[in-house]
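Letter by letter, the chains look like this.
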Amino acid sequence: NFRQCCDQPKNTNVRISLPAVCCIWQIAMIILFGIFIRYNEESDAHWIDHKTSNNISSNIENDFYFRYPSFQDVHVMIFVGFGFLMTFLKRYSFGAIGFNFLIAGFGLQWALLMQGWFHSLDPMDGKIKIGVESMINADFCVASCLIAYGAVLGKVSPVQLMVMTLFGVTLYAVEEYIILSLIHARDAGGSMVIHTFGAYYGLSISWMLYRPNLDQSKHRIGSVYHSDVFAMIGTLFLWMFWPSFNSAIADHGDGQHRAAINTYLSLAATVLTTIAISSLSQKTGKLDMVHIQNATLAGGVAVGTAAEFMLMPYGSLIVGFCCGIISTLGYIYITPFMEKYLKIHDTCGIHNLHAMPGVIGGIVGAITAAAASEEVYGKEGLINTFDFMKEWKYMVPTRQGGHQAAGLCVALCFGIGGGIIVGCILRLPIWGDAPDNSCFDDEVYWELPEDEENNPPTVEYNNHMRNKAV
Amino acid sequence: NFRQCCDQPKNTNVRISLPAVCCIWQIAMIILFGIFIRYNEESDAHWIDHKTSNNISSNIENDFYFRYPSFQDVHVMIFVGFGFLMTFLKRYSFGAIGFNFLIAGFGLQWALLMQGWFHSLDPMDGKIKIGVESMINADFCVASCLIAYGAVLGKVSPVQLMVMTLFGVTLYAVEEYIILSLIHARDAGGSMVIHTFGAYYGLSISWMLYRPNLDQSKHRIGSVYHSDVFAMIGTLFLWMFWPSFNSAIADHGDGQHRAAINTYLSLAATVLTTIAISSLSQKTGKLDMVHIQNATLAGGVAVGTAAEFMLMPYGSLIVGFCCGIISTLGYIYITPFMEKYLKIHDTCGIHNLHAMPGVIGGIVGAITAAAASEEVYGKEGLINTFDFMKEWKYMVPTRQGGHQAAGLCVALCFGIGGGIIVGCILRLPIWGDAPDNSCFDDEVYWELPEDEENNPPTVEYNNHMRNKAV
Amino acid sequence: NFRQCCDQPKNTNVRISLPAVCCIWQIAMIILFGIFIRYNEESDAHWIDHKTSNNISSNIENDFYFRYPSFQDVHVMIFVGFGFLMTFLKRYSFGAIGFNFLIAGFGLQWALLMQGWFHSLDPMDGKIKIGVESMINADFCVASCLIAYGAVLGKVSPVQLMVMTLFGVTLYAVEEYIILSLIHARDAGGSMVIHTFGAYYGLSISWMLYRPNLDQSKHRIGSVYHSDVFAMIGTLFLWMFWPSFNSAIADHGDGQHRAAINTYLSLAATVLTTIAISSLSQKTGKLDMVHIQNATLAGGVAVGTAAEFMLMPYGSLIVGFCCGIISTLGYIYITPFMEKYLKIHDTCGIHNLHAMPGVIGGIVGAITAAAASEEVYGKEGLINTFDFMKEWKYMVPTRQGGHQAAGLCVALCFGIGGGIIVGCILRLPIWGDAPDNSCFDDEVYWELPEDEENNPPTVEYNNHMRNKAV
């Protein structure tokens, strides 16, 4: 039967499958890009004509100058932020950074296509027109797959990750289209679209791939002193650039400005409550690096949807305050519970960092939208912020709140449903994943350098040098 | 008496005090933000109306686009720069990064309030209006407290750091108000306001907290190979982004442009003289990592005040040239002298990196201001650069030089005076600081992972894998 | 004879030579800056007058706001990117980061002068006028010397590096002037000017400095687990910010926008083919960190020249696709071949990362330029993109393609010719380089901290603490 078929002995040799997947998919990307993707009017050489015909006075009005600094910050979050955050395991740093690099490199190309078909297909010529905003959106889409990677870190093969990313990006593009375009929910920082979806997608896959004998690799799940410092590089770059993440595709002007302020404040509050709960949870008040590395970021997730709204500075602090507490408690109580009783093993604790704060973010967004008023936003400001234009010009804030809540449900359904289906596919015994006693170990997929201590010439040489120095 | 009371046996359990301080202060922040803090007109949803009424043609004129890239660079300096610079100690990397994170997260909230009351209180509604410039200023204010942390690194508890930050931010806001608003000194890069104040504040606290038996922890003061590489991450991000630090709140246009150029040049010159003196100071010409990590940054500190003036490119190089020499000599001669004879133990050598270069920066600023002329700046340029407007429209450059010097004195007084008072408070035996034989050790406040070499299963497993491979 | 003279016993004491070189050259810089360098009109205090007289409506039109975010990204690439990329050696991290810092700090000053004499000398007053674009160009120039450093990493003294940089910057400024101004080739991302020149300059020097007995240091050429993770910091910051590198000095508006998109796409494709070939090349399909660290960047190099052209998104992907394959194969086959048969030892494999992709980039640029048409670019766009103005207003795309090819040849000639001459100079036995058995070892030029394991008090103390905890 299916279960038995899936539980055959593992073969981790990916020498055929990994190069094949990489090459074939990359060639497919080239062909599809050739057919579909062109520069948009702001990155095309015709921009000089476009400027004249649209009466644009200066090159500085090019969207590039509004968004490129934020794009670069988001780019750092994707590659250094997520990559290094996952280096905390003592012997899985290569896999954390390297596979993060691989799936982000593939995912962003596929995202440009998928999102392009839904959002920026030019009806005149059937081409997708890309610019700086497309690059940010592609990075956002990739973020959801990297979040999912956090749940299965160390337990899957790079080929599985590529498959997971292929489906993840596809599902993302569809749910994003439904949430943002059909339902007309707003989600500048992606609490729902990115974090809720990505986290439940990853958790469902992890549930489908549950390994009952994972305790054979238990001794490799912890960190060492240096790997925790490496992970802090990831944490800090995520933390610092989160204001750019939440403001990157917000409206020009006050929208971007406000989103950055709200995120900045929310994250600051999260740091304090994370440290408070972490200290409280230990007999002698000592802090736990796992909490500092992860829960301090929960405020950024939870303020994502509402960041561009008039959440007010104190509102942002309250969101951050609560999320620091909830996320840290999640690491202490919920993660072990989920592993023991729900059979969901969550390597990085994405349930605490992305799933719960993402859902909270969706709810906060719905409430903030429902409570919006012309008094607070101004007549023009309200229309502008919530995009009550064209077919949505008769929309009112209270109904917008309902639409926000509907968006959250869609993200949850796509995450859980998609994850279960993709998880089934990934259980097939053809993907080269590691046996239960070799999880969380770079040895399986990487040529490792010999360790210093096992390298006699170095030691001898050092002694020799020291003797000479004496 | 007081001394005896302070010298009771230490109890490092912060399980009550640390969570209490974090939670109570964070709740206080939420309440105060609720009462006082609102978005300014460029981050409020009414921006669209403001644009119309002020005849602003484009969203790109929003201050966000002038300052946000610099803000993000400053933000990286605060969290990664200062955090990692302090990881050089062999067993205090968690404390360096983690407590840096904690006090910056708290400090920036308190700074928004304190600076807001002095600088951006709207007389119409009694609210503080914040925007991107407020966030930069809050980060600047936090920088002064992180500098002070450098002097006491490894010797204080997180609770003491929180108290130190509370008072530090308060003092900073007052001295900043006196220096910039009352005295009308200019200090774009904060040589006086940030560096001189912060360094003397920290040194005075360290003097008050002097531990005669600190040599019991002496063996933990050094670095190891990897911790020096981690520290270089901090050094380099500080070094690279210092042009953004000094230009972040300079005038739009030529002011920001010039400040970035001057800082870029000064720092380049500092690198060369630091390496020259470091090599000269050793018998065989070998370089010392401590100098490279710290003294290379002195040029950025010293050019802070004058960065927005017409210091001239060669002027910047001269400042950098001198500071590299002075700062490196400081590490070689002054730090040991201060510890031995003045009973000031300065863990990171902030006297050489911030105090002396800060004072030099104040003096350079005074001289440059006094020497300013309409010939060099142009009539409009002079008024613009030195803000000779409104009540200061009859100010002349020579008098401005005097005001700059007065500003430097105020910064010194606040730093030393404030530090002594706060140091007294921090001597009370209630703060949970470590005993003399447990300083510079993460073991006291952190749950540490077990070291790899003491973890038999890993070693056995590795051997097993290698045998299999053979 | 010359060879014998050069092969005298080595003396690695640089206590006189290194400080002397640093101080004298820095003083020379100050004098030359005093004579020649001034602020340009956008960074001078007269900007306010310039604005009025040139009818510039807003400060945001200052070039600072077009280019400063890109400048900061390039700055990170130079100092963190190149610096950390070279930390992969197990005992040469200090030298990698520290000497990178030193030569970049010197090189950028000398580059401002050399490039200024050729490009921005004001005929009115004989002064060089600098601004943000000058800083980017200086960083670019430094990049070529840091690439060259990659070939000789671990085998030369800091004094040799300073000499190499002095000549390298000089040669760069001349070839850049010939290629960009005289030949009128376009090279926004510097495939030819920076990468081809820098790589062949370094390889030629390495050839001249060939050490037949280098196998005495062979055991120090590898990496250890942590040093590979440090190197990934360099890789990722180079990879992420390469779009800024290639777009930093492109035309305002669509030029910068398009260059960023092309580079983003090319690099993504490179990641996939690098991983494919790396996995294919090992018996069991394991990945090699050396490839991931280096070959993933080849796409950014190869798309440099054509990045601002209408290369088309699929064109960028094709370039990246090919370069990932070629560069990885280079690491597997060409580097060992060059060492064994051509007597060129290339520590970092710059031949695979910069030389070959640089040449490919030059060729791609020539083809793309030759194929340009008014249909694709628009009439104005074509003139604008290729700068067919003033004395070049009768230029046509096909001839431009020829000029591009000529530019590539000039870069090759300057790299190889200059490298051979400078290599000869560096063979003189006066520069303090290490003997063959002490290469790749920080011990030679750095005061190293004692290793943790050789430090009994720490171990004892830890045991003591653990016992207490029990």
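Structural data are supplied above this passage.
Not measured: the values here are computed from a predicted model.

A word on the relation of the copies chain A and chain C
Moving on, step 1. Once turned by 120° and shifted 0.0 Å along the axis, chain A lies on chain C with an RMSD of 0.0 Å. These values place the two chain copies in the arrangement generated by a three-fold rotation axis. Residues of chain A ranked by C-alpha distance from the rotation axis are headed by Pro69(A), positioned 3.6 Å from it.

Quick notes on the interface of chain C and chain B
Moving on, step 1. With 81 residues of chain C in contact, the opposing surface of chain B contributes 80 residues.
Moving on, step 2. Where chain C abuts chain B, roughly 7200 Å² becomes buried across the two surfaces, and 71% of that area is made up of carbon and sulfur atoms.
Moving on, step 3. When the buried area of chain C at its contact with chain B is split by residue, Arg15(C), Tyr39(C) and Phe101(C) rank highest and sum to 11% of it.
Moving on, step 4. Here chain C and chain B share zero salt bridges between them.
Moving on, step 5. Inspection of the chain C/chain B interface yields 23 residue pairs in polar contact (both at pLDDT 80 or more).
Moving on, step 6. Considering every element that reaches the side of chain C that touches chain B, the biggest residue donor is helix α5 (residues 93–119) of chain C, with twelve residues.
Moving on, step 7. The pairing of strand β4 (residues 287–288) of chain B with strand β5 (residues 446–447) of chain C spans two bridges and is parallel. Residue pairing for β5(C): Asp288(B) is matched across the bridge by Glu447(C).

Focus on the state of the cysteines
Residue and element names in this part refer to chain B.
Moving on, step 1. Following the criterion strictly, the structure yields zero disulfides over all chains and no others.
Moving on, step 2. The closest cysteine sulfur to the non-disulfide-bonded Cys22 is located on Cys23, 6.7 Å from its own sulfur.
Moving on, step 3. The class of Cys22 is buried, set by a relative accessible area of 0%.

A look at empty space enclosed by the protein
Moving on, step 1. Using the criterion set out here, one finds nine cavities of 30 Å³ or more in the structure.
Moving on, step 2. Its volume calculated, the largest cavity comes out at about 220 Å³.
Moving on, step 3. For the largest cavity, the lining is made up of 21 residues, of which Pro69(A), Tyr65(B), Pro69(B), Tyr65(C) and Pro69(C) are closest to its centre.
Moving on, step 4. Sorting the residues of the lining of the largest cavity by element identifies α4 (63–85) of chain A, α4 (63–85) of chain B together with α4 (63–85) of chain C as the ones contributing at least two each.

Things to note about the packing of aromatic side chains
Moving on, step 1. Applying the stated rule across the entire model yields 84 aromatic pairs over all chains.
Moving on, step 2. Judged by centre distance (5.8 Å) and plane angle (75°), the ring pair of Phe94(A) and Trp446(A) falls under edge-to-face. Of this pair, Phe94(A) sits in helix α5 (residues 93–119) while Trp446(A) sits in strand β5 (residues 446–447); the two residues are 352 residues apart in sequence, bridging distant segments of the chain.
Moving on, step 3. Residue placement shows Arg91(A) over the ring face of Tyr225(C); its charged tip is 4.2 Å from the ring centre.

Let's talk about the relation of the copies chain C and chain B
Moving on, step 1. Overlaying chain C with chain B gives an RMSD of 0.0 Å, the required rotation being 120° about an axis along which the chain moves by 0.0 Å.
Moving on, step 2. Comparing interface residues between copies, only 12% of those in chain C also lie at the interface in chain B; the contact surfaces differ.

As for the sheet that holds strand β3 (residues 127–130) of chain A
All names here are of chain A.
Moving on, step 1. Here we have three strands laid out as an open sheet, ordered β1-β3-β2, and mixed in their pairing. What marks the edges here is a single partner per strand, and that holds for β1 (37–39) and β2 (121–122).
Moving on, step 2. Looking at chain direction, β2 and β3 are connected through two bridges and run antiparallel. What sits directly across from Leu121, in β3, is Ile128.

Some points on the nonpolar core
Moving on, step 1. Ranked by size, the top nonpolar core spans 478 residues in total, and within it Ile233(A), Phe237(A), Ile233(B), Phe237(B), Ile233(C) and Phe237(C) carry the most contacts.
Moving on, step 2. Every residue in contact with Phe237(B), bar those within four places of it in the chain, is listed here: Phe237(A), Val76(B), Met77(B), Val80(B), Val76(C), Val80(C) and Phe237(C).

Regarding the interface of chain A and chain C
Moving on, step 1. In this complex, chain A contributes 82 residues to the contact, which on the side of chain C involves 80 residues.
Moving on, step 2. Between chain A and chain C the total buried area reaches about 7200 Å² when both faces are included, carbon and sulfur atoms providing 71% of it.
Moving on, step 3. When the buried surface of chain A facing chain C is broken down by residue, Arg15(A), Tyr39(A) and Phe101(A) rank first, second and third, together holding 11% of it.
Moving on, step 4. Inspection of the region where chain A meets chain C yields zero salt bridges.
Moving on, step 5. Remark: the boundary between chain A and chain C carries 23 residue pairs in polar contact (both at pLDDT 80 or more).
Moving on, step 6. In terms of residues, the side of chain A that touches chain C owes the most to one element, α5(A), which gives twelve residues.
Moving on, step 7. For the side of chain A that touches chain C, a count of residues per class yields 49 nonpolar, 18 polar and 15 charged.

Examining the pattern of salt bridges
Opposite charge on two side chains allows them to pair when their charged atoms are near.
Moving on, step 1. Using the criterion set out here, one finds 33 salt bridges over all chains in the structure.
Moving on, step 2. With a closest N to O distance of 3.5 Å, Arg186(B) and Glu308(B) form a salt bridge. Taken together, the residues Arg186(B) in the loop between α7 (158–182) and α8 (191–208) and Glu308(B) in the loop between α12 (298–302) and α13 (313–341) connect sequence positions 122 residues apart. Like Glu308(B), Arg186(B) is buried.
Moving on, step 3. Residue Asp125(C) pairs with Lys129(C) through a salt bridge whose shortest N-O separation is 3.2 Å.
Moving on, step 4. According to the relative accessible area criterion, Lys129(C) is partly exposed, its value standing at 23%.
Moving on, step 5. Residues participating in the shared-partner salt-bridge network are Lys10(A), Arg211(A), Asp433(A) and Asp436(A).

Examining the sheet that holds strand β2 (residues 121–122) of chain B
All names here are of chain B.
Moving on, step 1. Strands sit in the order β1-β3-β2 across an open sheet of three strands; the sheet is mixed. Looking at the sheet topology across the chains shown, the edges are occupied by β1 (37–39) and β2.
Moving on, step 2. With three bridges joining them, β1 and strand β3 (residues 127–130) adopt parallel strand pairing. Across the sheet, the residue bridging to Ile37 is Ile128, located in β3.
Moving on, step 3. Lying over the sheet, helix α2 (residues 17–36) contacts β1 and β3, oriented at roughly 55° with respect to β1.

Definitions and cut-offs
- Residues numbered from 1 in each chain as written.
- Chains lettered and ligands numbered in written order.
- Predicted model: local features only at pLDDT ≥ 70, side-chain atom pairs only at ≥ 80, totals over all residues.
- Heavy atoms only, no water.
- Least-squares fit on C-alpha atoms with pLDDT ≥ 70 in both.
- Contact = heavy atoms within 4.5 Å.
- Buried area = accessible area lost by both parts, 1.4 Å probe.
- Salt bridge = Lys/Arg side-chain N within 4 Å of Asp/Glu carboxyl O.
- Polar contact = N/O pair within 3.5 Å; in protein donor to acceptor, adjacent residues only side chain to side chain.
- Helix = DSSP H or I, 4+ residues; strand = E, 2+ residues; numbered from the N terminus.
- Pairing = 2+ DSSP bridges.
- Disulfide = S-S within 2.5 Å.
- Buried < 20%, exposed > 50% of the residue type's maximum accessible area, 1.4 Å probe, protein only.
- 1 Å grid on protein atoms, 1.4 Å probe; cavity = no way out; pocket = protein on both sides within 12 Å on 5 of 7 lines; lining within 4 Å.
- Points joined across faces, edges and corners; volume = space filled by probe spheres on them.
- Phe/Tyr/Trp six-rings, centres within 6.5 Å; stacked < 30°, edge-to-face > 60°.
- Lys NZ or Arg CZ within 6 Å of the ring centre and 35° of its normal.
- Core = buried A, V, L, I, M, F, W, Y, C linked by side-chain atoms within 4.5 Å.
- Nonpolar A, V, L, I, M, F, W, Y, C, P; charged D, E, K, R; others polar.
- Axes fitted to C-alpha atoms, helices over the stretch in contact; angles between N-to-C directions.

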